[in-house]
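Architecture and fold: a report
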Amino acid sequence: MRTPRFARALIAGCLALLAAGAPGGAQPTAAAPPPASAGPVDPTLLEDLVTANHVLARHGVLDAFGHVSVRHPSDPHHFLMSRSLAPALVATADILEYDLDGNAVDARGRASFLERFIHAEIYKARPDVNAVIHSHSPAVIPFGTTQTAMQPMFHISAFLSPRVPVFEIRKVAGMTDMLVSNAQIGKALAEALGPSSVVLMRGHGMAVVGPALPLTVFRAIYTEVNARLQTQAIEIGGPITFLVPEEAEKANKVLDQVHLRAWDLWKREETAKAGQ
Ligand SMILES: [Zn+2]
């Protein structure tokens with residue numbers, strides 16, 4: 001059967017529209033040149049970033065997904081993070097430099113994490129933050145999806161005081177694939193984080209921040225531990241006595257001094273594993 005003339009015209013019109021791009025969509029433009037590098041980085045920092053990836057993978061905070069970054073030591077408007085890769089596989093050659101719009105300096109065909117805007121927008125909003133971790137660590141997920149707030153169960157997780165805020169992506173972006181895949185959603189996530197160390201992401205995971213990489217790794221690992229402990233306490237039943245802000249403040253001062261003991265241990269375990 002022959003296609004009627006009006007139907008042929010309709011199909012031709014649709015094809016023309018497709019070729020021109022969606023109505024109101026961005027017109028193709030020449031690619032902007034990549035940002036200039038902020039300069040070389042101390043190899044020790046790169047090695048620590050690689051170690052952080054491996055430590056977080058071994059502790060089940062990162063799995064095939066999730067990422068960890070550090071702010072560039074020479075330029076607060078740049079940060080360093082692996083190319084899109086499972087954290088346990090990251091090596092120094094995989095570390096890329098980004099500006100705070102999520103543009104890679106020297107990608108050379110290497111793919112970037114879709115959710116690099118989590119890092120870029122938190123670095124923009126929080127000048128005190130020098131490391132960011134995004135994970136889907138499993139024990140925290142229920143606290144993002146229920147009405148039960150995550151609160152500090154013990155002195156080691158005092159940085160969660162008084163409670164962990166929750167980011168609701170639906171409020172800012174409607175129905176999404178749940179990923180923080182652009183600057184607008186990243187900015188809203190940074191706002192939900194506010195001055196806290198951790199923000200939960202409903203139906204997704206969490207973002208953890210800190211003034212340096214070792215303390216941020218420490219916080220990510222113990223946020224997952226706190227989530228397990230709080231779930232156990234809920235199962236036992238009855239009211240839970242969390243750390244109050246005054247206790248948390250005192251405990252945090254100690255953690256700021258002693259967390260490097262944990263970092264040194266975790267680093268040594270990674271080195272021993274690599275030597276096997
Ligand atoms: Zn994610």
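The structure this text deals with has already been given above.
Now for a look at the structure at hand. Residue indices begin from 1 for each chain and proceed along its sequence in written order. A pLDDT threshold of at least 70 governs which residues receive local features in this predicted model, and a stricter bar of 80 or more applies before side-chain atom pairs are shown or counted, although totals over entire chains, interfaces and linings include all residues.

Focus: the packing of helix α7 (residues 213-236) against helix α8 (residues 245-274)
Our working rule: Orientation is described by axes fitted as lines to C-alpha atoms, over the contacting stretch for helices, and by angles from 0 to 180 degrees between their N-to-C directions. What counts as a helix is a DSSP run of H or I of at least four residues, what counts as a strand is a run of E of at least two, and both are numbered from the N terminus. Our angle categories are set so that under 35 degrees counts as roughly parallel, over 145 as roughly antiparallel, 65 to 115 as roughly perpendicular, and the remainder as oblique. A pair of residues counts as a contact when their C-beta atoms, built from backbone coordinates, are within 7 Å of each other. Only Asp, Glu, Lys and Arg are considered charged, only Ala, Val, Leu, Ile, Met, Phe, Trp, Tyr, Cys and Pro nonpolar, and every remaining residue, Gly among them, polar.
It is the contact of α7 with α8, at a shortest axis distance of 9 Å, that shows an interaxial angle of 80°. As far as their axial angle goes, α8 and α7 are roughly perpendicular. Facing Pro-214, Leu-215, Val-217 and Phe-218 of α7, the residues of α8 in contact are His-259, Leu-260, Ala-262 and Trp-263. Along the lines of polarity and charge, the residues of the contact of α7 with α8 split into seven nonpolar, one polar and no charged.

Details of the packing of helix α2 (residues 43-58) against α7
Viewed as axis vectors pointing N to C, α2 and α7 meet at an angle of 10°, and their least axial separation amounts to 11 Å. By the angle class used here, α2 and α7 are roughly parallel. For the pair α2 and α7, contact is made by Asp-48, Leu-49, Ala-52, Val-55 and Leu-56 and by Leu-213, Val-217 and Ala-220, respectively. Its residues assigned to classes, the contact of α2 with α7 shows seven nonpolar, no polar and one charged.

Structural notes on the environment of Met-81
Mapped onto the elements of the fold, Met-81 is located in strand β2 (residues 78-82). Between the C-alpha atoms of Met-81 and His-67, which are 14 residues apart in sequence, the distance is 7.5 Å. In this structure Met-81 touches His-67, Ser-69, Ile-95, Leu-96, Tyr-98, Phe-113, Arg-116 and His-119, once residues within four positions along its chain are discounted.

Re the nonpolar core
Note the threshold: For our purposes the nonpolar core covers buried Ala, Val, Leu, Ile, Met, Phe, Trp, Tyr and Cys residues that link as a set through C-beta atoms within 7 Å. Partly exposed residues are those falling between the two cut-offs: more than 12 but fewer than 20 other C-beta atoms within 10 Å of their own, whereas 20 or more means buried and 12 or fewer means exposed, with C-beta atoms placed from the backbone.
One finds Leu-56, Ile-122, Leu-189, Val-199, Leu-200 and Ala-207 to be the most contacted residues of the largest nonpolar core, which totals 65 residues. Take this core: its biggest share by element is eight residues, from α7. Excluding residues that lie within four positions of it along the chain, Ile-122 makes contacts with Val-129, Val-132, Ala-190, Leu-193, Ala-207 and Val-209.

Remarks on unusual backbone geometry
Cis peptide bonds are those with omega within 30 degrees of zero, and the linkage from Ser-161 to Pro-162 qualifies with -5°. Mapped onto the fold, Pro-162 is located in the loop between α4 (141-145) and β5 (166-167). With phi around 45°, Arg-108 is a residue other than glycine that occupies positive phi space. With respect to the helices, strands and loops of the structure, Arg-108 is situated in the loop between β3 (95-99) and α3 (116-125). When the 8 C-beta atoms within 10 Å are taken as the criterion, Arg-108 is described as exposed. Although it is not a glycine, Met-178 adopts a positive phi angle of roughly 80°. Given 15 C-beta atoms within a 10 Å radius, Met-178 is considered partly exposed.

Brief notes about the sheet that holds strand β7 (residues 205-210)
Our working definition: For two strands to be treated as a pair, DSSP must find at least two bridges joining them.
Strand order in the open sheet made by the seven strands is β3-β2-β1-β4-β7-β6-β5, with mixed pairing throughout. Two strands close off the open sheet at either side, each with one partner strand: β3 and β5. In this structure, strand β6 (residues 198-201) lies alongside β7, joined through four bridges in antiparallel fashion. Paired with Leu-200 across the bridge in β7 is Met-206. Across the sheet, α2 is in contact with β1 (67-71), β2, β3 and β4 (131-135); its angle to β1 comes to roughly 155°. Contacting β1, β4, β6 and β7, α7 runs over the sheet at an angle of about 150° to β7.

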